[in-house]
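The lines below spell out each chain.
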Amino acid sequence: MDKPLSLPIFRCISEVVDAKGVRAFVIGGYVRDYYLRRPCTDIDVVVAGNGVEIAEALGKKLHTPVSVFKTFGTAMLRADGMEVEFVGARKESYSRESRKPAVSAGSIEDDQLRRDFTINALAWSLNAADFGMLVDPFNGMKDLDSCIIRTPCDPDVTFSDDPLRMIRGIRFAAQLGFDIAVETFDAIVRNSHRISIVSKERIIAELNKIVASPVPSIGFDLLDRTGLLPLIFPELAKL
């Protein structure tokens, strides 16, 4: 297995962020999938500052076009066969009626805390001083080794804030063959009714990923046991 951050793009990002005097980290699925030895072509970079500015500076350095999504405060470019997305570190707060958060600038610690699961909060530093250092405040590596899906903070808060995360947790369990931690599973049961605020389109997208997983029955069994299945498919409750 190649060393972490062996692609040339990572050194290029490191040079840009060091020149700008900001901290930056690879975070989420790319880090998780590296340790699971799963292929991944999407790289998420979180910047303790303006992520769009870093993406544009990198685009100039590489003579590569940058797509900016002002609504979301993100930017994306392609390099080394990868899609690299940049965003500023942020913290979020939610209202009961919506899964769309109020967003404000934050630290890498804030950004990791807002992640859905510990295995998706793993990060590698991109700055030269500690290039490749793993930042793992919630023992995500332990959960990877134990094949456990667990939230980084109170699962009731995690799922009430963004109920789609309940289906995402089940989807990861089906995709990876992981178990859902007892406290996380119980919180899905308690908060299953909150799925009503999530759009059908987002739910369908997750269900399609469950269907495409190695053993879809795992996902649908979990949907049933947590009480989500009849809420997603009300017609089942009438049978």
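Residues numbered from 1 in each chain as written. Predicted model: local features only at pLDDT ≥ 70, side-chain atom pairs only at ≥ 80, totals over all residues. Heavy atoms only, no water.

Participant: Before we go on, may I ask you to explain the packing of aromatic side chains in this structure?
Facilitator: For any pair of aromatic rings, the description rests on two quantities: the centre-to-centre distance and the angle between the ring planes. According to the stated counting rule, one finds 7 aromatic pairs in the structure shown. Ring centres of Tyr34 and Tyr35 lie 5.2 Å apart, and the angle between their planes is 80°; this geometry places the pair in the edge-to-face category. Relative to Phe159, the ring of Phe117 has its centre 6.4 Å away and its plane inclined at 50°; by these criteria the two rings are tilted. In this pair, Phe117 sits in the loop between α4 (108-113) and β8 (123-125) while Phe159 sits in helix α6 (residues 155-161), placing the two residues 42 residues apart along the sequence. The class for Phe117 is buried, based on a relative accessible area of 1%. Residue Phe159 is classed as buried on the basis of its relative accessible area of 0%. (Phe/Tyr/Trp six-rings, centres within 6.5 Å; stacked < 30°, edge-to-face > 60°. Helix = DSSP H or I, 4+ residues; strand = E, 2+ residues; numbered from the N terminus. Buried < 20%, exposed > 50% of the residue type's maximum accessible area, 1.4 Å probe, protein only.)

Participant: Honestly, the pattern of salt bridges in this entry has me stumped. Any pointers?
Facilitator: A side chain with one charge may pair with a side chain of the opposite charge, provided their charged atoms come close. In total, this model carries 16 salt bridges according to the counting rule given. Across the pair Glu53 and Lys20 runs a salt bridge, and its minimum N-O distance is 3.8 Å. Of the two residues, Glu53 sits in helix α3 (residues 51-62) while Lys20 sits in helix α1 (residues 8-20), which places them 33 residues apart along the sequence. Where Asp33 meets Arg38, a salt bridge forms, and the shortest distance between an N and an O atom there is 3.0 Å. Within the structure, one salt-bridge network assembled from shared partners comprises Asp116, Arg168, Arg171 and Glu206. (Salt bridge = Lys/Arg side-chain N within 4 Å of Asp/Glu carboxyl O.)

Participant: Just to check I follow, could you spell out α3 for this structure?
Facilitator: At 3.6 residues per turn, the α-helix brings residues three or four places apart onto the same side. Here α3 is 12 residues long and its end C-alpha atoms lie 16 Å apart, about the 16 Å a rise of 1.5 Å per residue gives. Turning to α3, its buried residues number three or more, namely Gly51, Val52, Ile54, Ala55, Leu58 and Gly59. Burial along α3 is one-sided: seen end-on, the buried residues are contained in an arc of 160°. Its side-chain oxygen 3.0 Å from the backbone nitrogen of Val52, Asn50 forms the N-cap of α3. Within two residues after α3, His63 carries a phi angle of roughly 55°, on the positive side. (Expected span 1.5 Å × (residues − 1). Arc of directions from axis to C-beta. Polar contact = N/O pair within 3.5 Å; in protein donor to acceptor, adjacent residues only side chain to side chain.)

Participant: How should I be thinking about the environment of Gly81 in this particular structure?
Facilitator: Checked against the element boundaries, Gly81 lands in the loop between β4 (74-79) and β5 (82-88). In this structure, the C-alpha to C-alpha distance between Gly81 and Val135, residues 54 residues apart in sequence, is 25 Å.

Bear in mind that shape data such as this cannot, by itself, settle questions of function.
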